[in-house]
Amino acid sequence: MSSRRHFLKALAQGAATLAVSSTVGGSLASETATGAAEKGHKVRWGFLVDTQKCTGCGFCVKACKLENEVPYDANVTRTWVERYVEMEDGTVHADSPRGGRDGFVDPRVDLGRGSFQDIDPSRISKAFFVPKLCNQCENPPCVQVCPVGATYQNADGVVLVDRSWCIGCGYCIMACPYGVRFFHPVYHTAEKCNFCYHRITKGLKPACVEACPFEARLIGNLLDPADPVNRIIQTQRVNVLKEEYGTKPQVYYIGLSQEVR
Amino acid sequence: MHVLRPLWAVLALVLVILVLRTFVVPEDFGIGERGYMYGWHRASDPQYWQGISVKLRGREYCKQCHLAQFTQNGESPHRIIQCENCHGLAGQHPGAVPKLTVDRSRDLCLRCHERLAYPSSQRGEIRGVSGATHNQGVECAKCHKPHKPTLGEKPPIGGKT
């Protein structure tokens with residue numbers, strides 16, 4: 001009888017110790033995540049997408065592919081635009097033909113393989129466009145799974161891929177919950193949006209932000225309290241994609257809807 | 001001690017790998033500022049990405065030479081659209097690339113002006129037509145000047161402009 005009590009006691013103590021150590025570990029992890037400002041870093045890039053303003057013109061996708069030399073006709077892209085059409089009976093149609101590179105010039109929804117879904121415009125309850133790009137997560141799962149250290153998070157929060165060090169195993173492509181990674185058809189290495197790193201480090205805006213006529217895409221410094229984009233993220237109602245994965249995405253959305261995955 | 005032989009073999013293998021590693025792994029490979037979990041990389045790699053050339057130069061760059069067109073377009077509702085969205089990315093223009101190719105296709109205009117009456121999107125507020133029925137096969141610019149899109153004198157369809 002007493003031995004069972006001792007066993008249970010020891011078990012409880014063990015569990016308590018485990019719990020304490022894991023909390024300590026957790027707080028350490030979040031310290032490294034949020035301690036960027038204290039370490040003297042001046043920049044943490046963040047992105048803001050206003051889905052209310054997006055009209056699905058696809059100029060962002062076109063500009064991105066040309067700027068970053070992603071082969072234009074290959075069906076891969078660093079950023080893309082999705083269309084969601086919800087009907088009155090609750091069915092949701094979604095498409096992104098060629099990633100929205102040529103805009104949405106057809107009222108019908110593209111089902112792939114050359115078939116289209118006719119849409120009765122009078123039965124639409126809501127319809128909108130959602131641009132997608134790399135979330136530059138604070139906890140990037142794509143970086144964790146890289147076996148060779150070819151993808152990493154820079155001090156300014158941008159996740160980059162080392163083209164000369166990547167072995168092309170594709171783990172990161174599978175690990176990304178947002179599906180933003182793909183193989184570059186020319187370099188045969190993992191490729192992804194990096195907020196146009198060559199532009200933001202020169203004081204320019206990313207190509208998609210520059211090309212958007214409606215200011216639906218904005219970039220800002222999350223460590224600068226006076227940054228206008230950061231102000232919007234701090235003071236308005238914004239959401240992120242797939243928060244439940246714990247990746248802490250740094251691309252914020254205005255007007256996100258539950259249909260968006 | 002024959003039982004220790006596998007151990008020596010393993011130790012030798014580890015030693016070989018450690019020696020090989022010093023040749024294969026670049027000198028600047030290490031834990032970056034982002035720590036053990038997310039920071040492993042070659043310290044020189046960010047410079048590669050920073051060194052990529054800028055191709056989309058922005059309307060202020062175009063303005064330096066094409067002031068007249070810039071000013072005219074600046075008075076139209078199309079002022080929000082970057083020059084390079086239709087004219088192609090400037091890149092090395094006017095140096096290495098003397099001429100840019102303008103996209104005059106109907107599909108370019110229809111990116112915004114294909115009428116999609118979406119109730120919850122700004123797209124629904126843009127005036128548009130059905131590309132499938134509206135003067136099919138005719139270039140939009142025959143009637144609508146891109147830099148001054150409001151319809152003025154309307155040239156006859158198919159006639160000379």
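Summary of the structure given here. (Residues numbered from 1 in each chain as written. Chains lettered and ligands numbered in written order. Predicted model: local features only at pLDDT ≥ 70, side-chain atom pairs only at ≥ 80, totals over all residues. Heavy atoms only, no water.)

We now examine the pairing of strand 6 (residues 124–132) of chain A. All names here are of chain A. By the criterion of burial, strand 6 is predominantly enclosed, with 7 of the 9 residues buried. Relative to strand 6, strand 2 (residues 80–87) runs antiparallel, the two being bridged by 8 bridges. Bridge pairing in strand 6 links Tyr84 to Phe128. (Buried < 20%, exposed > 50% of the residue type's maximum accessible area, 1.4 Å probe, protein only. Helix = DSSP H or I, 4+ residues; strand = E, 2+ residues; numbered from the N terminus. Pairing = 2+ DSSP bridges.)

On to a nonpolar patch on the surface. Taken together, the side chains of Met1, Val3, Leu4, Leu7, Trp8 and Leu11 of chain B present a nonpolar region at the surface, about 650 Å² in accessible area. Its place among the elements puts Trp8 of chain B in helix 1 (residues 5–24). (Patch = residues over 30% accessible without salt bridge, like charges linked within 9 Å, V, L, I, M, F, W, Y side chains within 5 Å. Areas by Shrake-Rupley, 256 points an atom, 1.4 Å probe, with all protein chains shown as cover. Salt bridge = Lys/Arg side-chain N within 4 Å of Asp/Glu carboxyl O.)

On to unusual backbone geometry. Working note: non-glycine residues mostly have negative phi, and peptide bonds are mostly trans. With an omega dihedral of 5°, the bond running from His93 of chain B to Pro94 of chain B counts as a cis peptide bond. With respect to the helices and strands, the residue Pro94 of chain B is situated in the loop between helix 6 (83–87) and helix 7 (106–113). Of note in this structure, Glu69 of chain A is not a glycine but carries a positive phi near 55°. Examined against the element boundaries, Glu69 of chain A turns out to sit in the loop between helix 2 (59–67) and strand 2. With phi around 55°, Arg113 of chain A is a residue other than glycine that occupies positive phi space. Here Arg113 of chain A shows up in the loop between strand 4 (109–112) and strand 5 (115–117).

Looking now at the pattern of salt bridges. In total, this model carries 18 salt bridges over all chains according to the counting rule given. Across the pair Glu86 of chain A and Lys126 of chain A runs a salt bridge whose closest N-O atoms are separated by 3.9 Å. Taken together, the positions of Glu86 of chain A in strand 2 and Lys126 of chain A in strand 6 put the pair 40 residues apart, joining distant regions of the chain. Residue Glu86 of chain A is classed as buried on the basis of its relative accessible area of 14%. You can call Lys126 of chain A partly exposed: its relative accessible area is 27%. Linking Arg42 of chain B and Asp45 of chain B is a salt bridge whose minimum nitrogen-to-oxygen distance equals 3.9 Å. The network of salt bridges with shared partners includes Asp73, Arg98, Arg101 and Asp102 of chain A together with Arg111 of chain B.

Here we take up the side chain of Glu138 of chain A. By the element assignment, Glu138 of chain A lies in the loop between strand 6 and helix 3 (141–144). Among the polar contacts listed, one links the side chain of Glu138 of chain A to the side chain of Arg44 of chain A, at a separation of 2.8 Å. (Polar contact = N/O pair within 3.5 Å; in protein donor to acceptor, adjacent residues only side chain to side chain.)

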